[in-house]
Each structure stands twice: as C-alpha cells, then as structure tokens.
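Residue-level listing of the chains:
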Amino acid sequence: MNRLASIVLVVSTVLAASLPAQIGAGDRYSGSQHATRSPVLARRGMACTSQPLATSAAIEILQEGGSAVDAAIAANAVLAVTEPTGCGLGGDMFAILWDPEKKEVVGYNGSGRSPKGLDLEGLKKALDGAETIPLWGPLPVSVPGAVEGWCALHERYGKLPLERVLAPAIHHAREGFPVSQLIARYWRSNARRILSDSSGDYEKENFAATFLVEGEAPREGEIFANPDLARTLAAVAEGGREAFYEGEIARTIDAYSRRVGCHLRLEDLKSHRGEWVDPIFADYRGVRVFELPPNGQGLAALQMLAILEGFDLTALGHNSADYLHLQAEAKKLAFADRARYHADPAFAELPVAELLSERYIAERRQRITMEKAAQDDPPGDPRLEEGDTVFLTTADSSGMMVSWIQSNYVGMGSGLVPDGLGFVLQDRGALFHLDPKHPNAYAPGKRPFHTIIPAFATREGRPWLAFGVMGGAMQPQGHVQIVCNLVDFGMNVQEAGDAARYRHAGSSQPTGEAMKSGGTLALESGIARAVVEALQKRGHRVVRGGSFGGYQAILRDPETGVYRGASEMRKDGHAAGY
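About the criteria used
- Numbering of residues begins from 1 in every chain and follows the order in which that chain's sequence is written.
- At least 70 in pLDDT is required for a residue's local features to be given in this predicted model, at least 80 for side-chain atom pairs to be given and counted, and no such filter applies to totals for whole chains, interfaces and linings, which use all residues.
- Only hydrogens and water are set aside; all other atoms, that is, all heavy atoms of the structure, feed into the side-chain values.
- Counting from the N terminus, the helices are DSSP H or I runs at least four residues long and the strands are E runs at least two residues long.
- The classification of residues rests on relative accessible area computed with a 1.4 Å probe and restricted to protein chains. Under 20% of the type maximum is buried, over 50% is exposed, and intermediate values are partly exposed.
- Accessible surface is estimated by sampling points in the Shrake-Rupley manner with a 1.4 Å probe; for residues, cover comes only from the protein chains shown.
- Charge assignment: positive for Lys and Arg, negative for Asp and Glu; neither His nor the chain ends contribute.
- For this purpose, a charge sits on NZ of Lys, CZ of Arg, CG of Asp or CD of Glu.
- Between the rings of Phe, Tyr and Trp (Trp by its six-membered ring), a pair exists once the centres lie within 6.5 Å; its type follows the angle of the planes, with under 30 degrees stacked, over 60 edge-to-face, and the other angles tilted.
- Comment: the charge-over-ring label is applied if NZ (Lys) or CZ (Arg) is within 6 Å of the ring centre and within 35 degrees of the ring normal.
- One bridge is not enough; two strands pair if DSSP finds at least two bridges between them.
- For this analysis, a polar contact is any N or O atom pair within 3.5 Å, provided that within protein one partner can donate a hydrogen and the other can accept it, and provided that sequence-adjacent residues contribute only side-chain to side-chain pairs.
- Note on contacts: a residue pair qualifies if any of its non-hydrogen atoms lie within 4.5 Å across the two residues.
- Only one rule defines a salt bridge in this text: a Lys or Arg side-chain nitrogen within 4 Å of an Asp or Glu carboxyl oxygen.
- To form a nonpolar core, buried Ala, Val, Leu, Ile, Met, Phe, Trp, Tyr and Cys residues must be joined to one another through side-chain atoms within 4.5 Å.
- Only C-alpha atoms enter the line fits that serve as axes; for helices the fit covers just the stretch in contact. Angles between N-to-C directions range over 0 to 180 degrees.
- Relative orientations are named as follows: roughly parallel for angles under 35 degrees, roughly antiparallel for angles over 145 degrees, roughly perpendicular for angles from 65 to 115 degrees, and oblique for any other angle.
- Less than a right angle of anticlockwise turn of the near helix away from the far helix marks a crossing as left-handed, whereas a clockwise turn marks it as right-handed.

Colleague: Even after reading the chapter, I still don't get the overall build of the protein chain, so can you show me in this structure?
Modeller: Counting its secondary structure elements, the protein chain contains 19 helices and 19 strands. Oriented by its inertia axes, the alpha-carbon framework of the protein chain measures out at about 70 × 60 × 50 Å. Counting across all 578 residues of the protein chain, residues that qualify as buried make up 62%. Roughly 21,700 Å² of accessible area belongs to the protein chain as shown, and the carbon and sulfur atoms make up 50% of that amount. Mean positive and mean negative side-chain charge positions of the protein chain (59 and 69 charges, respectively) differ by 3 Å.

This is how it looks when you write it as structure tokens:
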C-alpha cells in the first residue's frame with residue numbers, strides 16, 4: 001500500500017469512528033453522518049423533484065433554453081403521469097418564485113372553487129346527517145386549478161412553447177414508464193382505499209380501468225401507460241387553458257359529473273381563474289421567509305417561526321427534549337389560530353397582519369411552559385391532517401428560482417375519473433367547515449382551506465432558498481424544521497432534509513375538529529430514547545413512526561450564484577443540475 005493510500009485509509013477510519021453509528025448504514029466521510037448524500041451543485045440550472053423522470057424532464061427543458069417556470073411545468077406534468085398518488089390535472093397548485101428582472105418574490109394561488117350550483121343547505125341535505133364532508137365520491141370535488149396555473153405562469157414566464165414543455169409527460173403517458181418503489185406502495189394503498197370505500201355508492205369503474213392493471217395496482221418496476229392522459233395532455237399542449245376549461249375536456253367533465261351526481265359544471269370551469277398574490281413573510285434571524293396568504297396554511301409556519309425566534313434553539317441542541325417541546329408547543333398555538341381564522345379571503349376578513357404582529361406573537365409565546373405540554377389549544381384574539389402532494393423546485397441561469405406544489409388532496413383524490421380523460425378529480429372540498437358562522441364555512445364558488453404551501457426565503461434582499469415539505473398538516477411543521485436546521489444549526493441543504501423529524505398531530509382543525517388531550521407527537525427513529533422519555537414526562541403523547549412529509553430544496557450562494565440542490569430520502573426522486 002502506498003503512502004497516499006495509507007493516509008486516506010487512516011483519515012477515513014478516524015472520520016467514520018468519530019460519527020454516530022447507524023445500524024445498517026454505511027459511513028460518510030464528509031458532512032453529517034445523518035445525511036444520505038451530498039448536495040448537488042451546479043451553476044446554470046437545477047431541478048429537484050420526487051420522481052427521477054420528472055427531474056430529468058425539467059433538466060432537459062432547462063438545457064434547451066427553457067425558464068425555471070417551463071421546467072417546473074414539465075416536471076409537474078411528468079409527475080401527474082408517474083406519481084398520480086400525489087398530484088394530477090384534477091388538482092390544485094401554488095407557486096412562489098424569484099423574478100430576477102423585477103428582483104422580487106412573486107406568488108400565485110391556483111386553488112379551485114366549490115361548485116356554484118350547490119349551497120350549504122343542499123350540501124347538508126346530501127350528507128344525510130353526516131357531520132363531515134366525505135373524502136371520496138362526488139361531494140368533495142372542487143374545480144381543478146392546476147392547468148390554469150400552468151398556463152398563467154407559462155404566459156408570464158415561459159420561454160419554450162407549451163407543446164415542447166409538455167412533450168416529456170405526453171411521451172411517458174403514451175409509451176409507459178417503470179413505476180418507482182414508494183409510488184407503487186402508495187398506488188396500492190390508494191386503490192384499495194378507494195375501491196373498498198363504503199361511505200357512498202359512487203362510480204368507481206373508471207378509476208379501476210384507468211389506474212389498475214388486470215385489477216391490481218402496478219407493481220414496482222412494472223411498465224404503466226395512461227393513453228387517456230396522454231390525449232388530455234396533448235389537447236392542453238395544443239389548446240392551452242381553453243382546451244381544458246372551455247373545450248372538449250370541460251364538456252366531458254360536465255357530462256360525467258351530471259351522470260355520477262357531482263355538482264361540478266361547465267360554467268364552474270369556464271369562470272375559474274387563479275390569482276397572483278403578494279406573499280406574506282416573517283423575519284427569522286436574518287432570513288426572510290415567504291409563504292402565500294390564506295386560504296393556504298403558510299401563515300401557520302410564519303407564526304411558528306416568530307414564536308420560536310424568542311428562544312435560543314442552538315443552545316438547546318438539535319432534537320433535544322427542550323427543542324422538540326418548544327417546536328410542538330409553538331405548533332399547537334399556530335394551529336389553533338389556523339383552525340379559527342384560515343379561509344378564503346374573498347369570503348372573510350382575515351387578520352393576517354395582526355396574527356404576525358410582535359405584540360400578538362409575544363402574547364402567544366408567553367403561553368408556553370417548559371415543564372408541561374399544553375393539552376388544549378384555544379385560539380388567541382389578535383385584535384385585542386392527511387394529505388398527499390408533490391413539491392418540486394427549479395432554477396435557471398437567469399437566477400429565477402421556483403417553489404412549486406401540486407396536489408389532489410388525499411392521495412388519488414375523490415376517486416372519480418371523468419370518461420376517457422385519464423386523471424382523477426380532487427377531493428379538496430372535504431376541507432370546508434359546515435358551521436355557517438365559521439370563516440371556512442362551505443359556500444358556492446368559494447375556495448376551501450388549503451394545506452399545500454410552497455415556501456421561499458431571502459437573505460439581505462437576495463434569493464436564497466426555494467423549498468417545501470409536502471404532506472398535509474406536516475407542511476408548516478416541516479418548513480419550520482428546515483429553516484431551523486439551516487439557520488440555527490448550520491446544516492447544509494441536504495442535511496437539513498435528512499435530519500430526523502417530528503410531526504405533531506391532533507390540533508384543532510379548520511373543518512371543526514378540536515384538539516383533545518394534547519394530540520400526539522410522532523418522532524422518527526433517529527431521535528434518542530432518552531429524549532422520548534423526557535418528553536413523555538412533560539405530558540406529550542409520543543409515538544414512533546408515521547408520515548413525515550417529502551422535502552425538496554434549492555439553495556443559491558449569493559456570492560458565486562452556485563445552486564445547491566437537495567432531494568428527499570423519504571421519496572423516490574433526486575436533485576440534478578447542469
């Protein structure tokens with residue numbers, strides 16, 4: 001063995017020995033031992049998604065001169081084909097991006113509205129005594145907002161023709177693709193859940209014909225094609241927004257809805273428009289974190305960060321009992337306000353500025369005690385849980401960075417697949433409240449409370465981080481954990497996503513459920529047993545395992561312009577750049 005090889009061996013051995021052991025895992029020789037890989041570095045473009053074919057499509061579009069928005073649309077469309085368990089043309093989308101020409105953060109709300117032909121009285125009659133809106137069948141269906149969002153963003157920021165942007169998705173839908181590991185698992189569980197649902201007698205044959213192969217969900221590695229979706233995507237590529245919301249696709253949705261007892265109509269589709277919005281923000285230790293305003297839940301993440309800024313988290317130690325206790329208690333307070341105030345601002349006056357004011361945040365912070373977990377979560381007075389989603393992020397050579405999220409809501413949505421279109425209608429309407437006095441009460445033509453939230457952060461007025469953590473109520477909690485990992489603990493962008501997470505469940509909800517006995521605090525296995533015991537002594541109901549979301553991020557070095565991409569180890573995808 002030569003001298004250089006000997007030195008490398010010695011250094012490698014010392015590094016491995018100095019890092020905490022993980023049973024079954026190999027040793028890393030740089031960075032944190034908990035990280036699964038190094039960040040991906042590139043100068044000209046970057047894409048991070050939850051499925052490899054989507055990442056490849058985005059990079060392909062970037063290399064052909066497409067913008068980061070073009071790449072995001074291409075990736076989203078491929079995910080609609082390859083990951084129908086989390087997104088699709090029947091769902092909604094939101095985006096936050098950095099506009100390098102205007103040097104500002106821009107927001108887009110692409111959520112659809114409830115059918116205009118169904119009022120609260122009619123909905124309650126259809127529920128026949130049920131106290132909540134079901135997750136499947138015709139009643140939770142709202143207008144799909146995703147395609148409108150694609151077209152609106154493409155019109156403003158696109159560089160390549162829509163036909164070229166959607167070409168990879170059309171190819172995979174027509175020719176087939178190998179189903180990846182985690183998606184195969186979710187596909188199987190979603191199919192079983194929808195086909196075995198006995199909550200209502202609704203049409204399921206189209207779902208089975210579109211998404212099953214010989215009566216079963218496709219297995220990992222099996223080639224799956226969706227020719228109906230290929231034709232739908234081709235129609236959108238040629239005809240844009242009008243093809244989906246006014247043409248043959250819209251008429252098919254209308255006819256199908258009438259046949260199966262759904263209240264969605266052609267007029268609902270024709271009148272739908274997304275909305276360009278000003279993102280809201282909170283400053284956290286020199287970083288400005290941006291979220292979209294309600295009807296989404298991004299405000300809860302900002303409230304959590306504002307509450308936590310009053311504590312020295314670094315001194316407490318990452319994932320210590322004190323640290324996790326503060327995170328969980330801040331979450332309970334923010335989610336109590338989320339349950340009380342988050343709704344469509346077109347139908348209710350929402351106190352967004354007051355909820356983020358220093359005085360109000362200080363009052364909420366004082367409710368936290370280090371010795372005991374809160375068992376209830378009353379909202380404050382500022383004037384005095386499931387979800388399957390895809391998150392992706394892209395960046396281009398101009399400096400544009402895009403944070404993009406899209407979802408059917410729960411898994412594969414309502415289970416209703418319009419004749420011959422190849423996609424499922426979302427079930428987002430299940431998130432309305434049935435109390436007419438609540439801001440989130442169901443009403444015709446109203447946007448429901450929304451769980452999917454993209455995020456963005458700047459430093460000293462310059463773009464720094466496009467990121468998100470998909471997964472229902474996990475999302476605000478996940479956003480906060482990522483920011484704290486980066487800012488308080490100095491992790492790199494990949495380490496910040498790979499670190500063990502917590503997820504608190506059981507808070508009061510905008511749909512009417514109230515927190516009981518403090519909810520539950522789920523912890524990943526990387527959190528020490530001694531920490532679990534310390535949390536239990538404070539009154540936390542701790543459980544191991546669960547769903548902890550899916551993370552993607554791009555971080556930009558403000559000095560060199562180099563992009564650092566990260567992708568979620570808990571998903572099938574990866575980051576890539578060029």
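That covers the picture; the talk isn't over yet.
Colleague: Any chance you could explain the packing of aromatic side chains here in plain terms?
Modeller: To describe a pair of aromatic rings, you give the distance between the ring centres and the angle between the ring planes. A full pass over the atoms with the stated rule returns 11 aromatic pairs. Between F207 and F211, the aromatic rings sit 5.3 Å apart at their centres with planes inclined by 45 degrees, giving tilted as the arrangement. Note that F207 and F211 are positioned in helix α8 (residues 205-211) at a spacing of 4 residues, about one turn of the helix. The interplanar angle of 85 degrees and the centroid separation of 5.5 Å between the aromatic rings of Y323 and F489 together place this pair among those described as edge-to-face. Aromatic ring contacts, followed pair by pair, group F177, W187, F207, F211 and F224 into a single cluster. Over the ring of Y202 we find K204, and its NZ or CZ is 4.9 Å from the ring centre. Against the face of W464 rests R459, its NZ or CZ located 4.3 Å from the ring centre.

Colleague: When you look at the pairing of strand β9 (residues 287-291) in this model, what are you seeing that I'm missing?
Modeller: When a strand is regular, its side chains alternate between the sheet's two faces. With 4 of 5 residues buried, β9 lies mostly within the body of the structure. By the bridge criterion, 5 bridges tie strand β8 (residues 280-284) to β9 in an arrangement that is antiparallel. Bridging across to β9, A282 finds its partner in V289. The pairing of β9 with strand β12 (residues 455-459) spans 4 bridges and is classified as antiparallel. Paired with R288 across the two strands is T458, which belongs to β12.

Colleague: Explain the side chain of H325 to me, please; I cannot follow it from the model alone.
Modeller: One can find H325 in helix α14 (residues 321-341). Since its relative accessible area comes to 0%, H325 is described here as buried. In this structure the side chain of H325 is engaged in a polar contact, spanning 2.8 Å, whose partner is the side chain of H540. Excluding anything up to four places from it in sequence, H325 contacts T369, M370, K372, A373, L535, R538 and H540.

Colleague: Is there a simple way to explain the pattern of salt bridges in this structure?
Modeller: Between side chains of opposite charge, pairing is possible as soon as their charged atoms come close. Applying the stated criterion across every chain, the model contains 23 salt bridges. Across the pair E363 and R359 runs a salt bridge whose closest N-O atoms are separated by 3.0 Å. Of this pair, E363 and R359 both sit in helix α16 (residues 358-365), 4 residues apart, roughly one helical turn. Exposure remark for E363: the relative accessible area of 36% places this residue in the partly exposed category. Here R359 falls in the partly exposed class, since its relative accessible area comes to 40%. For the salt bridge of R529 with E533, the shortest nitrogen-to-oxygen distance reads 3.3 Å. Here the residue R529 and the residue E533 both occupy positions in helix α19 (residues 529-537), the gap between them amounting to 4 residues, near one helical turn.

Colleague: Can you walk me through the nonpolar core in this structure?
Modeller: Taken as a class, soluble globular proteins show a tendency for nonpolar side chains to be buried jointly. L89, W150, L153, L166, W187, F244 and W404 are the most contacted members of the largest nonpolar core, which totals 84 residues. The greatest single-element share of this core, amounting to 12 residues, is contributed by helix α3 (residues 68-82). Not counting chain neighbours up to four residues away, the residues in contact with F244 comprise L89, P144, V147, V236, I249, A250, I253 and F423. Core analysis: the next-biggest nonpolar cluster, separate from the first, contains 64 residues, L313, I368, W464 and L486 among them.

Colleague: Whenever I open this one, the packing of helix α12 (residues 298-308) against helix α17 (residues 474-487) confuses me. Can you help?
Modeller: The description of two helices packed together rests on the angle between their axes and the distance between the axes. At a closest axis distance of 8 Å, the pairing of α12 and α17 adopts a crossing angle of 40 degrees. In this view, α12 runs oblique relative to α17, as classed from their interaxial angle. Crossing of α12 over α17 shows right-handed handedness. On the side of α12, the interface is formed by A300, A301, M304, L305 and L308, while α17 contributes P476, Q477, H479, V480, V483 and C484.

Colleague: Hey, could you run me through the sheet that holds strand β15 (residues 520-523) in this one?
Modeller: The pairing of strands in a sheet comes from backbone hydrogen bonds and takes either a parallel or an antiparallel form. As summarised here, the arrangement of the 3 strands in space is β14-β15-β16, forming an open sheet in which the pairing is mixed. Two strands bound the open sheet, and with one partner strand each, they are β14 (502-505) and β16 (542-544). Averaged over all neighbouring strand pairs, the angle between strand axes comes to 25 degrees, with direction disregarded. Against the sheet, α19 engages β15 and β16, with an angle of about 150 degrees to β16.

Colleague: Help me understand the environment of T232 in this model?
Modeller: Relative to the assigned elements, T232 resides in helix α9 (residues 227-245). Under the relative-accessibility criterion, T232 is labelled buried at 3%. Those residues in contact with T232, other than ones at most four positions away along the chain, are L89, I249, G420, L421 and F423.

Colleague: Quick question: what am I supposed to make of the sheet that holds β8 here?
Modeller: Strand order in the open sheet formed by 7 strands is β1-β18-β17-β13-β12-β9-β8, and the pairing between neighbours is antiparallel. Here the strands that pair on one side only, and so sit at the sheet edges, are β1 (40-42) and β8. Taking each pair of neighbouring strands and ignoring which way they run, the sheet shows an average axis angle of 20 degrees. α12 contacts β8 and β9 of the sheet and is inclined by roughly 20 degrees relative to β8. In the packing of α17 onto the sheet, the strands contacted are β8, β9, β12, β13 (462-470) and β17 (550-556), and the crossing angle to β13 comes to about 135 degrees.

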